[in-house]
Amino acid sequence: MLALDIENFLVEIDDGSVKNVGPQTKSATAKLFHPETVDARAFGDSQVKLTATDDDGNEVQIAVSPAQAAALAEQLRDLEATAYD
C-alpha cells in the first residue's frame, strides 16, 4: 500500500502539460507498507539507490550517499541483534 501526504500542492494542467503553480512551500511524505522486494544498488558515481516495491507495483526509490547507506546497515544490524531476540 502506498500512502502519499502532499501539503500546499497545486498544479495547473493545460493542453496536456502539467505546470507547478503556487508557492514553493510544498512538502510531501511517501510511505510504502509491506513491500514485496527491497533492493540496493550503485547509483551514479557516488550514491546508493534503495528501492522498495509492493505487490501492486508501487515503488519508492531513495538515493543516499555510501556513508548514509553504511549507517543504515549498522542500524539494521543493531536492530536485528536487539529487537528480534
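Remember, predicted model here, so these are calculated numbers, not experimental data.

Counting secondary structure elements, the protein contains one helix and seven strands. Along its sequence from the N terminus, the protein presents helices and strands in the succession β-β-β-β-β-β-β-α. For 85 residues, the compact-globule estimate of 2.2 N^0.38 gives 12 Å, and the protein exceeds it by more than 25% at 17 Å. With respect to the principal axes defined by its C-alpha atoms, the protein has extents near 55 × 30 × 25 Å. Across the 85 residues in the protein, those meeting the buried criterion constitute 11%.

Mapping Val-18 onto the fold places it in strand β3 (residues 17-20). A residue is classified by how much of its surface remains accessible, and Val-18, at 61% relative accessible area, is exposed. Between the C-alpha atom of Val-18 and that of Leu-32, which follows or precedes it by 14 residues, the distance is 25 Å. Apart from the residues lying within four places of it in its own chain, the contact partners of Val-18 are Val-11, Glu-12 and Ile-13.

This paragraph deals with the side chain of Asp-54. By secondary structure assignment, the location of Asp-54 is in the loop between β6 (47-53) and β7 (59-64). Of the side chains with opposite charge, Lys-31 lies nearest to the buried Asp-54, which makes no salt bridge, at 15 Å. Of the polar contacts made by the side chain of Asp-54, one reaches the backbone nitrogen of Met-1; its length is 3.1 Å. Looking at Asp-54, its side chain comes within polar contact range of the main-chain nitrogen of Asn-58, at 2.9 Å. Residues in contact with Asp-54, not counting those within four places in the same chain, are Met-1, Leu-2, Leu-32, Phe-33, His-34, Pro-35 and Glu-36.

Right, let's get into the confidence of the model for the protein. Averaged over every residue, the pLDDT of the protein is 91; the share at 70 or more is 99%. Confidence, read as mean pLDDT per element, is least for strand β1 (residues 2-7) in the protein (84) and greatest for β6 (97).

Analysis parameters
- Residues numbered from 1 in each chain as written.
- Predicted model: local features only at pLDDT ≥ 70, side-chain atom pairs only at ≥ 80, totals over all residues.
- Heavy atoms only, no water.
- Helix = DSSP H or I, 4+ residues; strand = E, 2+ residues; numbered from the N terminus.
- Rg over C-alpha atoms; globule rule 2.2 N^0.38 Å.
- Buried < 20%, exposed > 50% of the residue type's maximum accessible area, 1.4 Å probe, protein only.
- Contact = heavy atoms within 4.5 Å.
- Lys, Arg positive; Asp, Glu negative; His and termini not counted.
- Salt bridge = Lys/Arg side-chain N within 4 Å of Asp/Glu carboxyl O.
- Polar contact = N/O pair within 3.5 Å; in protein donor to acceptor, adjacent residues only side chain to side chain.
- pLDDT = per-residue confidence, 0-100.

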